[in-house]
Amino acid sequence: MSTTAATILLVDDEESIQKLLTYPLERDGYRVVHARDGDEALRRFDEEPIDLVVLDVMLPKLDGLEVCKQLRSTSFVPIIMLTARDDEVDKVLGLELGADDYITKPFSIREFRSRVRAALRRAATPQHDSSEPESIAVNGLTIDPARRTVDIGGQPVQLTYVEFELLRALASRPGRVFTRQALLEAVWGGSDYRDPRTIDVHVRHLREKLERDASEPEIILTVRGVGYRFRDR
């Protein structure tokens, strides 16, 4: 998929935001599909192939968090959430429901364009280390980087794009201590504009999906009995 030919679903009920964001997206070569409430967003998503969703949290009918949840139940399309305030609850909920990234209003157009390009680039060309084995197996957990699948005891586990990249980075180097900065580099290719605590949310969500006992401190990711750690700085 060429990022310059990508179709972006822009979901926001404010006309001014729609106009403000549509112009730079179209100037960068993207096709923009608009929706102004949650119901319309889901309908438009079903009508045609969408490569990226830019989704406001505060929407009429269905809010952005519910839209994110419903989209993620059937699709791994990249989702960037827009929050109207620097509300930690909104950010955590959005990430836990499967959003790949979030931007807090007000934001610069330069930041917005950078986030969109990065999300489309990750989706189009998943990171791959040539030294990485064809599959990674740890105590019943199997990760297939080429097919981007994960299973436990033969049962598939559904992960978001970010969760998969985070798991692959950790599991490919067992025993290594990762900083949040290192994981931001591994998953997003950089830490520009991103809160390092974003990693904590994804780690917690990943553990809930993979580990039978996720009650240990969040700084330790236990995958089928094998611990992976990251430093708190």
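Because the structure is predicted, anything quoted here is derived from the model rather than measured. (Residues numbered from 1 in each chain as written. Predicted model: local features only at pLDDT ≥ 70, side-chain atom pairs only at ≥ 80, totals over all residues. Heavy atoms only, no water.)

Student: Now, about the side chain of Glu-163: what can you tell me, with residues and values included?
Tutor: Secondary-structure assignment places Glu-163 in helix 6 (residues 161-171). Within polar-contact distance, the side chain of Glu-163 engages the side chain of Lys-209 at 2.8 Å. (Helix = DSSP H or I, 4+ residues; strand = E, 2+ residues; numbered from the N terminus. Polar contact = N/O pair within 3.5 Å; in protein donor to acceptor, adjacent residues only side chain to side chain.)

Student: So what's going on with the environment of Glu-211? Residues and values would help.
Tutor: Position of Glu-211 among the secondary structure elements: in the loop between helix 8 (198-210) and strand 11 (220-223). Exposure remark for Glu-211: the relative accessible area of 13% places this residue in the buried category. With 59 residues separating them along the chain, Glu-211 and Ile-152 place their C-alpha atoms 9.8 Å apart. (Buried < 20%, exposed > 50% of the residue type's maximum accessible area, 1.4 Å probe, protein only.)

Student: Account for the packing of helix 1 (residues 15-27) against helix 5 (residues 109-124), with residues named and values stated.
Tutor: Two quantities define a packed helix pair, namely the angle between the helix axes and the distance between the axes. The interhelical angle for the contact between helix 1 and helix 5, taken along N-to-C directions, is 55 degrees, at an axis separation of 11 Å. What the angle tells us is that helix 1 and helix 5 run oblique. The two elements helix 1 and helix 5 meet at a crossing, and its hand is right-handed. Contacts between helix 1 and helix 5 involve Leu-20, Leu-21, Pro-24, Leu-25 and Arg-27 on the former and, on the latter, Ile-109, Phe-112, Arg-113 and Val-116. Across the contact of helix 1 with helix 5, the residue classes tally to seven nonpolar, no polar and two charged. (Axes fitted to C-alpha atoms, helices over the stretch in contact; angles between N-to-C directions. Parallel < 35°, antiparallel > 145°, perpendicular 65-115°, else oblique. Left-handed = near helix turned anticlockwise from the far one by under 90°. Contact = heavy atoms within 4.5 Å. Nonpolar A, V, L, I, M, F, W, Y, C, P; charged D, E, K, R; others polar.)

Student: Break down the sheet that holds strand 7 (residues 141-144) for me, citing the residues and quoting the values.
Tutor: Judged by pairing direction, the sheet is antiparallel, and its four strands sit side by side in the order 6-7-8-9 without closing on themselves. Two strands close off the open sheet at either side, each with one partner strand: strand 6 (136-138) and strand 9 (155-156). When strand 8 (residues 149-152) meets strand 9, the two strands line up antiparallel, connected through two bridges. Bridge pairing in strand 9 links Ile-152 to Gln-155. Where helix 6 meets the sheet, it contacts strand 6, strand 7 and strand 8, and its direction lies at approximately 110 degrees from that of strand 7. (Pairing = 2+ DSSP bridges.)

Student: So what's going on with the pairing of strand 7? Residues and values would help.
Tutor: With three bridges joining them, strand 6 and strand 7 adopt antiparallel strand pairing. Within strand 7, the position partnered with Ala-137 by the bridge is Thr-142. Sheet topology note: the strand 7/strand 8 ladder contains four bridges and is antiparallel. Paired with Leu-141 across the two strands is Ile-152, which belongs to strand 8. Hairpin connection, strand 7 to strand 8: the antiparallel pair is bridged by four residues, and Arg-148 has positive phi, about 55 degrees.

Student: How would you explain the nonpolar core if you had to name every residue and give the values?
Tutor: With 24 residues, the main nonpolar core has Leu-141, Ile-143, Val-150, Leu-159, Leu-166, Leu-167 and Leu-210 as its most contacted residues. Elements supplying a minimum of two residues to this core: strand 6, strand 7, strand 8, helix 6, helix 7 (180-188) and helix 8. Ignoring any residue separated from it by four or fewer positions in sequence, one finds Leu-159 in contact with Phe-76, Val-150, Phe-164, Leu-167, Leu-206 and Lys-209. Listed in part, the 23 residues of the second largest apolar core include Leu-42, Ala-99, Tyr-102 and Val-201. (Core = buried A, V, L, I, M, F, W, Y, C linked by side-chain atoms within 4.5 Å.)

Student: Can you break down the confidence of the model for the protein chain residue by residue, with the values?
Tutor: Reading predicted coordinates in detail is not appropriate for stretches of low pLDDT. Looking at the protein chain, pLDDT values average 79 and 78% of them are 70 or higher. In this model, residues 216-220 is a region of pLDDT below 50 whose contacts with residues beyond four sequence positions or in other chains number 17 contacts. Confidence drops under pLDDT 50 across residues 222-227; counting only partners more than four residues distant or on other chains, this segment forms 23 contacts. (pLDDT = per-residue confidence, 0-100.)

Student: Could you give me a rundown of the packing of helix 7 against helix 8, with the residues and numbers involved?
Tutor: Interhelical geometry of helix 7 versus helix 8 gives an angle of 75 degrees and a closest axis separation of 10 Å. By the angle between their directions, the pair helix 7 and helix 8 is classed as roughly perpendicular. Of helix 8, the residues touching helix 7 (which contributes Arg-180, Leu-183, Leu-184 and Trp-188) are Thr-198, Ile-199, Asp-200 and His-202.

Student: Residues and numbers for the sheet that holds strand 1 (residues 7-11), please.
Tutor: The strand order across the open sheet formed by five strands is 2-1-3-4-5, and the pairing between neighbours is parallel. At either margin of the open sheet sits one strand with a lone partner, and together these are strand 2 (31-35) and strand 5 (101-104). On average, adjacent strands in this sheet sit at an angle of 20 degrees to one another, irrespective of strand direction. Of the strand pairs in this sheet, strand 3 (residues 52-56) and strand 4 (residues 79-83) are connected by four bridges, and their pairing is parallel. Bridge pairing in strand 4 links Val-53 to Ile-79. Together, strand 1, strand 2 and strand 4 form the strand contacts of helix 1, whose direction differs from that of strand 2 by roughly 160 degrees.

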